[in-house]
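Here is how the chains run, residue by residue.
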Amino acid sequence: MILYKHFDTNDRGHLTVGGLDTVELAKKYGTPLYLLDEACIREQCRTYINSARKYFGEDALPLYASKALCFSEIYRIAAQEGMGVDCVSGGELYTAKKAGFPAERIYFHGNNKTDKDISDAMDMGVGTFVVDNEEELSAVSAMAQDRGITQRILLRITPGIDPHTHKAIVTGNVDSKFGNAIVTGQAMSIVKKAIATNGVCLVGLHCHIGSQIFDVEPFSDAARIMTQFIARIKDECGYEISELNLGGGLGVKYTKYDREVDYAQAIKDISEIVHGLCRENNIKMPRIILEPGRSLVAASGATLYTVGSVKEIPEFRNYISVDGGMPDNPRYALYQSQYTALIANRANEPADYRATIAGRCCESGDLLGENMEIQRAERGDILAVLVTGAYNYSMASNYNRLPRPPVVMIKDGADRLVVRRETYEDIVRNDI
Ligand SMILES: *Cc1c(COP(=O)(O)O)cnc(C)c1O
C-alpha cells in the first residue's frame, strides 16, 4: 500500500492502481494518462451519504462539488450513489444533463451566473440556485416570474472564517468575491430582500469556508456563526430557514507528511456541534447539505507520464522532465501543491533520489513538484503522480497546444476509457 489501499506494487515491482499494472496501462493507452479507481470514489460517496444521514438525519444530502472532476461518467456515478451535485457553470450543468443526472438534485453555484446560465438552468429544472448577490437575486426572480415558477434558492453567506489554509483557497473571509458578509450587514439585507421577492422561495443558507481543511474547528466556527444568524433571521423577520449548506473543504492526504482524515468521524463531530448550536440558539435543526469535492475524488486518481530528459545540474538540482505538466496538473504552478511521485516501473526501489519534476511546456514554472523524493529515473521510465483525482483533469488546459490526456476508470480489475484522448484535430476544431 502506498498512501491508499488502491495504490500498491505487484511481483514485477510495478505500481498498481486498483490491482492493475500501471506500466501495462501506460502501454495500452499511452501517456500522459489519468487513472481513477472507481471503488475508491464510490466508497467515499457512501461514507458521506451514510454518515450524513446517520448523524444529521435522513433528509441530509451530500452534494458532489463537480468542479473537482467533471465528465459524464462521474455524474452517472454520483447519481447511482444517491448524491446531489453542485454545478458552477453552464458547461457543468450541460454535462450533468447529458449524463442524465436528476435536475432536482442539482445545486447551481457561482458568483457570476450569466443570464443565459440562469435561463438554461431553469429550463432544465435545476432544483436549487445558490444565489450569490442582490443583482443575481433580481435576475433569478425576474426569469422565474417570466416562466411562472417559484425557484427554490439558498443564499451564499460569508461567515468570515480563516480556515488556516492556503490563502488562494480561502473563500469564507469577509473580503471575498463570493457571497454576502454577515458583519457588514449585507447578509441580512439580501435575506430580507429574498423573503420579500416574488418568484423565489428562500429555503436556506450556504457557506463554504475553503479547501484542504484538516480540522473540525473551522467548520464548527462557521456553524456557530450560521446558526446564530439563522436565529437572528427568525427573531427579526419571523422567517424559518429550513436548510443549511455547510460547504465542502475537508482535506486529503497527498503525501506521507499529511494527516489522514477520518471523514465519518469528522461528520459526526460536526453534527454534534450543529445539534448543540441549534438547541443553544433555540432553532429547529435545519436540513443539512454537505458539499465535498476534493475528498470524494482526489485519492482515487493517479497520473502516468513518460520520462524524457533527466538533467543533473551540479550543485543545483536534478530535473526529471515528463511528457505532461501544468496543462494536465496546474496545481503546483498555482499553489505549490505537494504530491507523491514515483517511478512506476521500479516502484519497489528506494526513493533515494531528489529531483524537480518538470513538465514539457515553455514556462519555467511548469513543474509538478520540487525537491521530491523519488527513485532514480531514466528516459522511457513511467513516472506516476498519485492523488490527482481532484482539480487535475477539471483544470486541464491545452497550453502549448497539448491535447488533454484520456481518463481511464478502473473497477473490479478491469479498465475502461471514460474520456478519450484529445487529438490534434480536436485542438484545431474551433479554428477558422
Ligand atoms: C470548491 C467548492 C466546494 C468543494 O470544495 P472541496 O475543497 O473540493 O471539498 C464546495 N462548495 C463550493 C461552493 C466550492 O466552491
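Counting restarts for each chain: residues are numbered from 1 in the order of the written sequence. Local features in this predicted model are restricted to residues of pLDDT 70 or higher, and side-chain atom pairs are both shown and tallied only at a pLDDT of 80 or more, whereas totals for entire chains, interfaces and linings draw on every residue. Remark: hydrogens and water are excluded; side-chain values derive from all non-hydrogen atoms of the structure.

(A) Structural detail: the overall build of the protein chain. Numbering goes from the N terminus for both helices and strands, where a helix is a DSSP run of H or I of at least four residues and a strand is a run of E of at least two. Counting its regular elements, the protein chain contains 12 helices and 21 strands. Using C-alpha atoms as the atom set, the radius of gyration is obtained and then compared with a globule rule of 2.2 Å times the number of residues to the power 0.38. For 432 residues, the compact-globule formula gives about 22 Å, and the C-alpha radius of gyration of the protein chain, at 23 Å, lands near that figure. By principal-axis analysis of the C-alpha atoms, the protein chain measures approximately 70 × 50 × 45 Å. Per-residue burial for the protein chain yields a buried fraction of 59% across its 432 residues. Pairs at least 24 residues apart make up 69% of the contacts formed inside the protein chain by residues separated by at least 6 positions. The average position of the 48 basic charges and that of the 57 acidic charges among the side chains of the protein chain differ by 2 Å. Note on exposure labels: buried denotes an accessible area under 20% of the residue type's maximum, exposed denotes more than 50%, and partly exposed covers the range between, all computed with a 1.4 Å probe on protein chains only. In what follows, residue pairs with any heavy atoms lying within 4.5 Å of each other are defined as contacts. Working convention for charge: Lys and Arg count positive, Asp and Glu count negative, and His plus the chain ends are omitted. Note that the charge is assigned to NZ on lysines, CZ on arginines, CG on aspartates and CD on glutamates.

(B) View of the domain arrangement of the protein chain. Here the bounds of each domain stem from an automatic or database domain assignment. Structurally, the protein chain comprises domain 1 (7–37 + 298–428) and domain 2 (109–292). Distance between the C-alpha centres of domain 1 and domain 2: 36 Å. Taken residue by residue, the interface counts eight residues in domain 1 and nine residues in domain 2. Accessible surface is computed with a 1.4 Å probe, and the buried area is the amount of it that two parts give up when combined, taken over both parts together. Summed over both sides, the interface between domain 1 and domain 2 buries roughly 770 Å², with carbon and sulfur atoms accounting for 55% of that surface. Contact with domain 2 buries surface across domain 1, with Tyr335, Glu373 and Val387 losing the most and accounting together for 49% of the total. Salt bridges, as used here, are contacts in which a Lys or Arg side-chain nitrogen is within 4 Å of a carboxyl oxygen on Asp or Glu. At the junction of domain 1 and domain 2, the tally comes to one salt bridge. Where Lys256 meets Glu373, a salt bridge forms, and the shortest distance between an N and an O atom there is 3.2 Å. Side-chain atoms alone can form a polar contact between residues adjacent in sequence; in general such a contact is a pair of N or O atoms within 3.5 Å, and within protein one must be able to donate a hydrogen while the other accepts it. Inspection of the domain 1/domain 2 interface yields three residue pairs in polar contact (both at pLDDT 80 or more). Amino acid classes used here: Ala, Val, Leu, Ile, Met, Phe, Trp, Tyr, Cys and Pro are nonpolar; Asp, Glu, Lys and Arg are charged; the rest, including Gly, are polar. Grouping the constituent residues of the side of domain 1 that touches domain 2 by class yields four nonpolar, two polar and two charged.

(C) Looking closely at the pattern of salt bridges. The full count for this structure, using the stated rule, is 33 salt bridges. A salt bridge links Arg287 to Glu243, with the shortest nitrogen-to-oxygen separation between them at 3.3 Å. On the criterion of sequence distance, the pair formed by Arg287 in strand β13 (residues 287–290) and Glu243 in strand β12 (residues 243–245) is long-range, its members being 44 residues apart. Taken together, the shared-partner salt bridges connect Glu38, Arg42, Arg46, Glu73, Arg76, Glu81 and Arg416 into one network.

(D) Structural context of the site of the ligand. Near the ligand you find 15 residues, and of these Lys67, Ser211, Glu291, Arg294 and Tyr391 are the closest. For the ligand, an oxygen atom lies 2.6 Å from a polar atom in the side chain of Lys67. Within the backbone of Gly249, a nitrogen or oxygen atom sits 2.9 Å from an oxygen atom of the ligand. In this text, near means that some heavy atom of the residue lies within 4 Å of the molecule or strand in question.

(E) Representation of the nonpolar core in the model. Grouping buried Ala, Val, Leu, Ile, Met, Phe, Trp, Tyr and Cys residues that are joined through side-chain atoms within 4.5 Å yields what is termed a nonpolar core. With 133 residues, the main nonpolar core has Phe129, Ile153, Leu155, Leu205 and Leu383 as its most contacted residues. Both of domain 1 (7–37 + 298–428) and domain 2 (109–292) provide at least three residues apiece to this core. Beyond its immediate sequence surroundings of up to four residues, Phe129 is in contact with Phe108, Lys113, Ile118, Ala121, Met122, Val140, Gln151, Arg152, Ile153 and Leu154. Residues Leu61, Leu63, Tyr107 and Val203 belong to the second largest nonpolar core, which totals seven residues.

(F) Here's a closer look at the packing of aromatic side chains. Two rings from Phe, Tyr or Trp (for Trp, the six-membered ring) form a pair when their centres sit within 6.5 Å of each other. Planes less than 30 degrees apart are called stacked, planes more than 60 degrees apart edge-to-face, and all others tilted. This structure, assessed with the given rule, holds seven aromatic pairs. When the centroid spacing of 6.1 Å and the interplanar angle of 35 degrees are considered together, the rings of Tyr48 and Tyr263 count as tilted. Of this pair, Tyr48 sits in helix α2 (residues 38–56) while Tyr263 is found in helix α9 (residues 263–280), placing the two residues 215 residues apart along the sequence. Tyr263 gets classed as buried once you look at its relative accessible area, which sits at 11%. When the centroid spacing of 5.4 Å and the interplanar angle of 75 degrees are considered together, the rings of Phe108 and Phe129 count as edge-to-face. Remark: Phe129 occurs in strand β8 (residues 128–131) and Phe108 occurs in strand β7 (residues 106–108); sequence separation between them is 21 residues. When its relative accessible area of 0% is taken as the criterion, Phe108 is described as buried. A residue is classified by how much of its surface remains accessible, and Phe129, at 0% relative accessible area, is buried. Put simply, the rings of Tyr34, Phe71 and Tyr393 pair up and form one aromatic cluster. Lying over the aromatic face of Phe108, Lys113 brings its terminal NZ or CZ to 5.5 Å of the ring centre. As a reminder, the over-ring test applies to NZ of lysine and CZ of arginine, requiring each to be within 6 Å of the ring centre and within 35 degrees of the ring normal.

(G) Structural view of the side chain of Asp37. By the element assignment, Asp37 lies in strand β4 (residues 33–37). Although Asp37 is buried, it makes no salt bridge; Lys5 carries the closest opposite charge, 7.2 Å away. A distance of 2.9 Å separates a polar atom in the side chain of Asp37 from the backbone nitrogen of Cys40. Excluding anything up to four places from it in sequence, Asp37 contacts His6, Val17, Gly18, Ser300 and Ile410.

(H) Structural view of the sheet that holds strand β2 (residues 15–17). In this description, strands pair whenever DSSP reports at least two bridges between them. Pairing is antiparallel across the open sheet formed by three strands, whose spatial order is β1-β2-β3. Each edge of the sheet is formed by a strand with only one pairing partner; in this case those strands are β1 (7–9) and β3 (20–21). In terms of strand pairing, β1 meets β2 through three bridges, oriented antiparallel. Paired with Thr9 across the two strands is Leu15, which belongs to β2.

(I) Main features of helix α5 (residues 115–123). Looking at α5, one finds that the buried residues are Asp117, Ile118, Ser119, Ala121 and Met122. In the core, the buried residues of α5 are packed alongside α4 (90–98), β7, β8, α6 (134–147) and β9 (151–158). In the stretch just after α5, Gly125 is the one whose phi turns positive, near 80 degrees.

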